[in-house]
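What follows is the residue order along each chain.
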Amino acid sequence: MENDRAQFPFPYQPYNIQEQFMRALYSALDQGKVGIFESPTGTGKSLSLICGALSWLTDYEEKKKQEAAALLQEGEAALSTSVAPSSNTSSSAEPDWITDFVQKKAERELVSKLKEEELKRKKREERLEMIRNNAHLKYASKRKSSEEDETIKFLQLSKEERTETAGDQEDEELIVAEYESDDESKSKNRFLQGEDEEDDELVEEHVTKIYYCSRTHSQLAQFVREVQKSPFSKSISVVTLGSRQNLCINEEVRQLGSVQRINDRCLEMQKNKHQKQDHEDGAKRKRGPAKSVCPYNKASALQQMRDEILGCVHDVEHLLKLGKETHSCPYYAARLTVPPAQLVVLPYQMVLHEATRRAAGVQLKGQVVIIDEAHNLSDTLSCIHSAELTGAQLCRAHCQLRQYADRYKSRLKAKNVMYIKQILFVVEGLVRVLGGKVGQNPQSQTTQAGTEMHSINNFLFRAQIDNINLFKLQKYFEKSMISRKLGGFMEKYAGSGVTLHTSSSNKENRRTEGLNRYLQTLQSSQSSAPVSSIDQQGAAEADKVLAVSPMMQVEGFFMALTNSNTDGRVVVRKQDVLSESSVKFLLLNPAVHFAQVLKECRAVIIAGGTMQPVSDFKQELLFSAGVEEERIVEFSCGHVIPPENILPLVLCAGPSGQELDFTFQSRDSPRMMDETGRILSNICNVVPGGVVCFFPSYEYSRRIISHWEAGGVFARLANKKKIFQEPKKASQVEQVLNEFSRCIQKCAVDSSGLTGALLISVVGGKMSEGINFSDDLGRCVVMVGMPYPNIKSAELQEKMSYLDKHLPRSQGRSPGQALIENLCMKAVNQSIGRAIRHRGDYSSIILCDRRYSRPATLSKLPTWIKDRTNTHATFGPAFAALRKFFLEKKQKQL
């Protein structure tokens, strides 16, 4: 198989840069490289990834088939050749007939294995072909009506069961099963051990596949739509994975709302299903009402839906629709489809987090992983593996677990009691570090405000929990499912009026009396509130908070503390009251968790529209994970737009000659704010359509707008373009964008005097990533100042210190200083990349700050922008260039 395939199937004639991209990608996959691929938005990156990667996969499978056939032929030929027995023997060697027998046996085993693999492959191909030709519809119409009736009966039964009341026997599902630690039991009961697997008969062997992951569900859906448009849509098997929250079709489970409650109920129903099967197999059934099972989790229906998924390319919406049609669970059907699927589309966490990866059935050994939108990969890894707990959560977790242990004290086995006591001891230590006590109202406990940073070991000593084996506790959490049991316990009893401390001593009652009153206050304050829709909504939210146990977050924090002492820090942040104080695990070395992905995979492709600056990214995430320089390949292409369609300018001074210096010390000066207003006013005079202006922070945006309103600048701007501001609430973003778009469209056809709209946004906000300001929506993007992160942040200082200690200096800069600059320029690149979304688009980019003129700063811009950027020491020539740019565009349109 050649490393540089000449042609690639494509839905249309690809751009030259797309062909270069696909050739480089094909070569990287074939040679098992770690590739860093940069392709600006609007250059067809998704289709290039699809066609390049799937072309390689098709060729790789064909090559494997040919090699297996050649080996089989060679093996069969060797077996058919008989070697004449020889009577010559040697005292120092085996007799020839023994040697011949051993050799023949090895050859027979090889041939047998090759035949078996060939048979499996043929069966798989025939089955896929049958599915695609709709020959598999043995389940279809004659079963559908009966399954509908069965589903309705099951749902009704589930409702009835939960309304029944029974004695303590009803709580059987809430009791932690007898726990056998370490190697005492490997597989006594996989569901009691917390594993979450499908029926054995449905699980298949994993074929060679490509895992494609991205940041958001909307990005994954867009990628699947691109697959549907590609030439591979009819020949490739694709599955999209998601969370239970996104894929569940059981309305009774969906209405639970929170991810944790949905997960808990789903796992409980699945466990009940397997217990029901055990009873049907002859096991003695305990008294009490039948436990509810999910009507959508049946083997035959799951198999039918799996076949449907393999036969056609579906996104999440189609999976939900298909699940309702086949009365099958999309979540489990999608997971069953992973082994035979050739392309698996999934969110970041399902690949980057080991426990989530394992639970989803994702196996990386020898496979290909493509991580798209990876400009923030390092931050994403750190965020996924960090954990935070508030004082309120810790107190609630301690109280709930104490209540659970007291209620079921007589029914818990000794080892469960021991581990539960250890968990309580650790939680108590965490509360003590925050300056509080368990068993008392966390809102009434005052603490000395301040922030402390500890290594993991120092924190364990400080909390006086260094004598607890957290690795064993982590294993107990995983196998006993105590977090989910406690979640079910609280969901059942929170707000029910049941007295939870039924078997506790007077001493224990007194100890937790304060916190019980606090929990009851939360409940009673809601129940006594005036009945209005808003109050009812608030009451519902409070009930959800009360019913959901924070033990899952506690489990995550315990797991974080098992990291190596050098790889993380614990931030103890004390506020005025205990409930608002927090402990947070901060991962400093994301490479330690990425290393396993890089080690197991055949090849890893890290792609994005803007991957600059690459050198520090490689140092922190690849070299630190043990990747050799020779294994890394880089590819970066320009944009498909002609050079005359983009005008990037660096402004070092404003219209009045004021030097543009938006450093923290000078940006709040009235002169600087006024000059910014004059710059925007001049830009709005000559730029048609939409102007998007980015400020470094919400707070600075608020201050400068207040200054403009007081000085009349805001009113003058509003006379030229209608002004919109980025909302802080994510739910309002779409509304603001729609109004912004409608205003621009309206101004293009009427003569109201307005030339379009001005959108004031914030770097790192909701408009700086994932939003397309194409065509008239973004004819000019203005960047005011440089959005450096808060250097006084304790977490950032710790990260800088860690990098300075563990990474080498580069070009005279310390790694910590490089981190600050890179965080700033990554944010800038994401923001200015909102414009220019396709080949015919055009836009100007104005960088307002003299610091952008520094060569080191300019070098961190995307190449296709950097090569066309002009720096202007004065405003006049820059404004003339801007006016000329838009006049020429207007003349071309006439």
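All values reported here derive from a predicted model rather than from experimental measurement.

Chemist: Which residues make up the overall build of the protein, and what values go with them?
Modeler: Scanning the protein from terminus to terminus reveals 34 helices and 18 strands. Residue burial in the protein is summarised as follows: out of 894 residues, 51% are buried. For the protein, the computed accessible surface area is about 41200 Å², with 49% contributed by carbon and sulfur atoms.

Chemist: Break down the sheet that holds strand 8 (residues 568-574) for me, citing the residues and quoting the values.
Modeler: Here we have four strands laid out as an open sheet, ordered 6-9-8-7, and antiparallel in their pairing. Of all strands in the sheet, those bounded by a partner on one side alone are strand 6 (387-390) and strand 7 (450-455). Mean inter-strand twist for the sheet, computed between neighbouring axes without regard to direction, equals 15°. Each of strand 7, strand 8 and strand 9 (582-587) touches helix 30 (residues 794-806); the most contacted strand, strand 7, lies at about 25° to it.

Chemist: Please give an account of helix 31 (residues 815-832) that cites residues and values.
Modeler: With 18 residues, helix 31 should reach 26 Å at 1.5 Å per residue; the first-to-last C-alpha distance of 25 Å fits that figure. The buried count for helix 31 comes to 15 of 18 residues, which makes it a mostly enclosed element.

Chemist: So what's going on with the environment of Asp567? Residues and values would help.
Modeler: Of note, Asp567 is situated in the loop between helix 23 (551-560) and strand 8. A relative accessible area of 8% means that Asp567 is categorised as buried. Filtering out sequence-adjacent residues up to four positions away, Asp567 remains in contact with Leu586, Leu587, Leu588, Asn589, Val592 and Tyr802.

Chemist: Which residues make up the pairing of strand 4 (residues 343-347), and what are the values?
Modeler: Most of strand 4 is tucked away: five of the five residues are buried. In strand 4, alternate side chains face the same way, and those of Leu343, Val345 and Pro347 on one face and Val344 and Leu346 on the other are all buried. Relative to strand 4, strand 2 (residues 210-214) is paired through five bridges, and the arrangement is parallel. Within strand 4, the position partnered with Cys213 by the bridge is Leu346. Two strands pair when backbone bridges link them, and strand 3 (residues 238-240) and strand 4 are joined in this way by three bridges, in the parallel orientation.

Chemist: Just give me the short version of the environment of Lys409, but keep the residues and values in it.
Modeler: Take Lys409: it is sitting in the loop between helix 15 (391-407) and helix 16 (414-433). In this structure the C-alpha to C-alpha distance between Lys409 and Ile175, which are 234 residues apart in sequence, comes to 9.9 Å.

Chemist: Let's hear about the pattern of salt bridges: which residues, and what values?
Modeler: Counted by the stated rule, this structure contains 25 salt bridges. Ionic pairing is found between Asp841 and Arg779, a salt bridge with its closest N-O pair at 3.1 Å. In this pair, Asp841 sits in the loop between helix 31 and strand 17 (843-848) while Arg779 sits in the loop between strand 15 (756-762) and strand 16 (780-784), placing the two residues 62 residues apart along the sequence. The class of Asp841 is buried, set by a relative accessible area of 0%. When salt bridges that share partners are traced, they join Asp668, Glu699, Arg702 and Arg703 into one network.

Chemist: Give a description of the side chain of Gln219 that names residues and reports values.
Modeler: Along the chain, Gln219 turns up in helix 5 (residues 217-229). Judged by relative accessible area, which is 18%, Gln219 ranks as buried. Polar contacts involving the side chain of Gln219 include one to the side chain of Ser214, which spans 3.0 Å. Engagement of the side chain of Gln219 in a polar contact is seen with the backbone nitrogen of Arg215, the distance being 3.2 Å.

Chemist: I'd love a proper account of unusual backbone geometry, names of residues and values included.
Modeler: Here His327, not a glycine, exhibits a phi torsion of approximately 55°, which is positive. Within the element layout of this structure, His327 appears in the loop between helix 10 (316-326) and helix 11 (330-337). Phi angles above zero are rare outside glycine, and Met481 is one such case at about 60°. The residue Met481 is located in the loop between helix 18 (470-480) and helix 19 (482-493) in this model. Given the relative accessible area of 11%, Met481 is considered buried.

Chemist: Give a description of the nonpolar core that names residues and reports values.
Modeler: Core analysis: the biggest nonpolar cluster contains 61 residues, and Ile371, Leu377, Phe594 and Ile606 have the highest contact counts within it. Looking at this core element by element, the count peaks at five residues for helix 11. Those residues in contact with Leu377 that sit more than four places away from it in its chain are Leu352, Ile371, Phe594, Ile606, Phe617 and Leu621. In this structure, Cys395, Tyr408, Val427 and Val433 belong to the second largest nonpolar core, which totals 48 residues.

Cut-offs and rules
- Residues numbered from 1 in each chain as written.
- Predicted model: local features only at pLDDT ≥ 70, side-chain atom pairs only at ≥ 80, totals over all residues.
- Heavy atoms only, no water.
- Helix = DSSP H or I, 4+ residues; strand = E, 2+ residues; numbered from the N terminus.
- Buried < 20%, exposed > 50% of the residue type's maximum accessible area, 1.4 Å probe, protein only.
- Areas by Shrake-Rupley, 256 points an atom, 1.4 Å probe, with all protein chains shown as cover.
- Pairing = 2+ DSSP bridges.
- Axes fitted to C-alpha atoms, helices over the stretch in contact; angles between N-to-C directions.
- Contact = heavy atoms within 4.5 Å.
- Expected span 1.5 Å × (residues − 1).
- Salt bridge = Lys/Arg side-chain N within 4 Å of Asp/Glu carboxyl O.
- Polar contact = N/O pair within 3.5 Å; in protein donor to acceptor, adjacent residues only side chain to side chain.
- Core = buried A, V, L, I, M, F, W, Y, C linked by side-chain atoms within 4.5 Å.

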